[in-house]
Amino acid sequence: QVQLAESGGGLVQAGESLRLSCVASGSIFSMDRMGWYRQAPGKERELVAVFSGGRTNYADSVKGRFTISRDNAKNTVTLQMNSLKPEDTAAYYCYAEVVSPVGSRSGYWGQGTQVTVSS
């Protein structure tokens, strides 16, 4: 089993910054896709930023403001969020895809951390 522990959410004003961190622990052989999604009230969960296949992918709405980084040795992924806007308000979820020694893949979600941006 794999656990994802998120931290770093909170309440900020528009234009300010937050840094989200996610640490994966448990039975991990290797990981491929790892990143962040978010879900605002009444909306579907959407991709924010993710590492996959050695590449990074960002939602258009956060390009130039958010930066994702990853430390494979520590099984961590971090999301630096600058110039936050009220529309960034959402629950942010860490996601990790764990690969077994035989190549099977399992996806895991964190419990979510709330980011609220006031205008």
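Being a predicted model, the structure only gives us computed values, none of them experimental. (Residues numbered from 1 in each chain as written. Predicted model: local features only at pLDDT ≥ 70, side-chain atom pairs only at ≥ 80, totals over all residues. Heavy atoms only, no water.)

On to the pairing of strand β9 (residues 90-99). A large share of β9 lies buried, amounting to 10 of its 10 residues. Note that β9 and strand β11 (residues 113-118) share three bridges and pair antiparallel. Residue Y92 lies in a different strand from β11, and its bridge partner there is T113. Between β9 and strand β10 (residues 105-109), which pair antiparallel and follow one another directly, the connecting turn spans five residues, one of which, G103, has a positive phi of 95 degrees. (Buried < 20%, exposed > 50% of the residue type's maximum accessible area, 1.4 Å probe, protein only. Helix = DSSP H or I, 4+ residues; strand = E, 2+ residues; numbered from the N terminus. Pairing = 2+ DSSP bridges.)

For any pair of aromatic rings, the description rests on two quantities: the centre-to-centre distance and the angle between the ring planes. Tallying each qualifying case throughout the model produces three aromatic pairs. On the numbers, 5.1 Å between centres and 70 degrees between planes, the contact of Y37 with W109 is edge-to-face. Of this pair, Y37 sits in strand β4 (residues 30-39) while W109 is found in strand β10, placing the two residues 72 residues apart along the sequence. Summarising the aromatic geometry, the rings of Y95 and W109 are spaced 4.8 Å apart at their centres and angled 55 degrees between planes, so their arrangement reads as tilted. Placement of Y95 in strand β9 and of W109 in strand β10 is noted, with a sequence separation of 14 residues between them. In this structure Y95 comes out as buried when scored by relative accessible area, which is 13%. Each residue in the set Y37, Y95 and W109 is aromatic and connected to the rest through ring pairs, giving one cluster. (Phe/Tyr/Trp six-rings, centres within 6.5 Å; stacked < 30°, edge-to-face > 60°.)

The subject of this paragraph is the nonpolar core. Proteins that are soluble and globular tend to have nonpolar side chains buried together. Formed by 30 residues in total, the largest nonpolar core has its most connected members in W36, L79, M81 and Y92. Those elements that provide at least two residues to this core are β1 (2-7), β3 (18-26), β4, β5 (46-52), β7 (66-71), β8 (76-81), β9 and β11. A per-element tally of this core places β9 first, with five residues. Excluding its chain neighbours within four sequence positions, the residues that come into contact with Y92 are E6, L20, W36, Y37, R38, V48, F66, L79, M81, G112, T113 and V115. (Core = buried A, V, L, I, M, F, W, Y, C linked by side-chain atoms within 4.5 Å. Contact = heavy atoms within 4.5 Å.)

Below, the discussion takes up the sheet that holds β1. The strand order across the open sheet built from four strands is β1-β3-β8-β7, with neighbouring strands paired in antiparallel fashion. At either margin of the open sheet sits one strand with a lone partner, and together these are β1 and β7. Ignoring which end each strand starts from, the neighbouring axes of this sheet average 15 degrees apart. The sheet contact formed by β7 and β8 spans six bridges and is antiparallel. The residue bridging S69 from the neighbouring strand is T78, located in β8. (Axes fitted to C-alpha atoms, helices over the stretch in contact; angles between N-to-C directions.)

On to unusual backbone geometry, then. The residue N75 is not glycine, and still its phi comes out positive at about 55 degrees. Looking at where N75 falls in the secondary structure, it is placed in the loop between β7 and β8. Its identity as a non-glycine residue notwithstanding, S83 has a phi of 50 degrees, on the positive side. Mapped onto the fold, S83 is located in the loop between β8 and β9.

This part is about the pattern of salt bridges. Evaluation of the coordinates by the stated rule reveals six salt bridges. Between K63 and D60 there is a salt bridge, and its shortest N-O distance comes to 3.1 Å. Assessed through its relative accessible area of 63%, D60 is described here as exposed. In this structure, the salt-bridge partner of R65 is D88, at a minimum N-O distance of 2.8 Å. With R65 in the loop between β6 (55-58) and β7 and D88 in the loop between β8 and β9, the pair connects residues that are 23 residues apart, well separated along the chain. The buried category is assigned to R65, whose relative accessible area is 10%. Here D88 falls in the buried class, since its relative accessible area comes to 1%. (Salt bridge = Lys/Arg side-chain N within 4 Å of Asp/Glu carboxyl O.)

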